[in-house]
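One letter stands for each residue in the lines below.
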Amino acid sequence: MGKPLILVTNDDGITAPGLRALIRYMKTIGDVVVVAPDSPQSGKGHAITLDNTLFSAKIMVDKEHGATEEYSCSGTPADCVKLALQEILGRRPDICVSGINHGSNSSINVIYSGTMSAAIEAGIEGIPAIGLSLCDYSWDADFKPAETAIKRIVQEALTNGIPKGVVLNVNIPKLAKSELKGIKICRQARANWKEKFDKRTNPMGKDYYWLTGEFELLDKGEDTDEWALANGYISVVPTQFDLTAHHAIQQLNSWNF
């Protein structure tokens, strides 16, 4: 059999260092085709483009270390996956890998994440998918320490498959390779953002706002992604896109509708 076809995407944009690192790592495993946003799309969640046209262009960001093919897309991360599957790829990819994101997508951050939404879009289409994030927001973040672990996770997913209806959310602590203790399968920690708006006024007298806030961890469990990351482990959370609260069905059926 030939090499696996790996669809690579992200939300930081096609020139992001995290994406370029992921391309290099995936090229050691299979044939890589990139379809990624032409500009940063962080925090866009699972947004799709409905009220505007989409543009895509075949480009080559790095001739020496680039993918087999690369396409920039004017839309969101979810748009990129839709376009890849419907218009660009000649066949279904064997796996979709999204990232490597500059910054954490652990806990509640998964809801807002464009990185994970791209992976989830692939998962909806029945394609094994993984979202990868490094807990370092710097543009110059060092992705090298996690290379071996990332390859291992992807290879295991290709070998064993990912359960139907599940996408893997992988977060990597900002540590040297010698400090990484291993990989832990975790649950999503219960947490939220304690948010506020920084209100300012522009020179024309019009008010505007910057969203700010602090991450509030409400979960003391030692089986969570936040615990794993704080203790030197790479966290892997099996994430489902069926949002049904199955445990609530029985209670709601007792209501007098």
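Structure: above.
Throughout what follows, the structure given in this document is the object of discussion. (Residues numbered from 1 in each chain as written. Predicted model: local features only at pLDDT ≥ 70, side-chain atom pairs only at ≥ 80, totals over all residues. Heavy atoms only, no water.)

### Section: the nonpolar core
- Ranked by size, the top nonpolar core spans 36 residues in total, and within it V8, M26, V34, I100, I130, I150 and V170 carry the most contacts.
- Breaking this core down by element, the ones donating at least two residues are β1 (5-9), α1 (17-27), β2 (31-37), β5 (95-102), β6 (129-134), α5 (147-160), β7 (166-172) and β11 (233-240).
- Here the element with the most residues in this core is α1; it accounts for six residues.
- Once residues lying within four places of it in the same chain are set aside, the contact partners of I100 are D12, G18, L19, A21, L22, Y25, L132, S133, L134, F143 and I150. (Core = buried A, V, L, I, M, F, W, Y, C linked by side-chain atoms within 4.5 Å. Buried < 20%, exposed > 50% of the residue type's maximum accessible area, 1.4 Å probe, protein only. Helix = DSSP H or I, 4+ residues; strand = E, 2+ residues; numbered from the N terminus. Contact = heavy atoms within 4.5 Å.)

### Some thoughts on a nonpolar patch on the surface
- Nonpolar side chains collect at one region of the surface, where I111, Y112 and W193 lie side by side and expose about 310 Å² of accessible area between them.
- Tracing the sequence through the fold places W193 in strand β9 (residues 191-201).
- When its relative accessible area of 31% is taken as the criterion, W193 is described as partly exposed. (Patch = residues over 30% accessible without salt bridge, like charges linked within 9 Å, V, L, I, M, F, W, Y side chains within 5 Å. Areas by Shrake-Rupley, 256 points an atom, 1.4 Å probe, with all protein chains shown as cover. Salt bridge = Lys/Arg side-chain N within 4 Å of Asp/Glu carboxyl O.)

### Focus: the environment of C80
- In this fold, C80 is placed in helix α2 (residues 77-88).
- Along the sequence, C80 and L180 sit 100 residues apart, while their C-alpha atoms lie 32 Å from each other.
- When near neighbours in sequence (up to four residues on either side) are disregarded, C80 contacts T9, V35, A36, P37 and C73.

### A few points about α2
- For α2, the full list of buried residues reads P77, A78, D79, C80, V81, L83, A84 and I88.
- Buried residues belonging to α2 abut β1, β2, β3 (56-59), β4 (69-73), β5 and α4 (114-124).

### Quick word on the packing of aromatic side chains
- This structure, assessed with the given rule, holds four aromatic pairs.
- A centroid spacing of 6.1 Å and a plane angle of 85° characterise the contact between F197 and Y209, whose relative ring orientation is edge-to-face. You can see F197 sitting in strand β9 and its partner Y209 sitting in strand β10 (residues 207-217), a full 12 residues away along the chain.
- We note K184 situated over the ring of Y233; from NZ or CZ to the ring centre the distance is 4.7 Å. (Phe/Tyr/Trp six-rings, centres within 6.5 Å; stacked < 30°, edge-to-face > 60°. Lys NZ or Arg CZ within 6 Å of the ring centre and 35° of its normal.)

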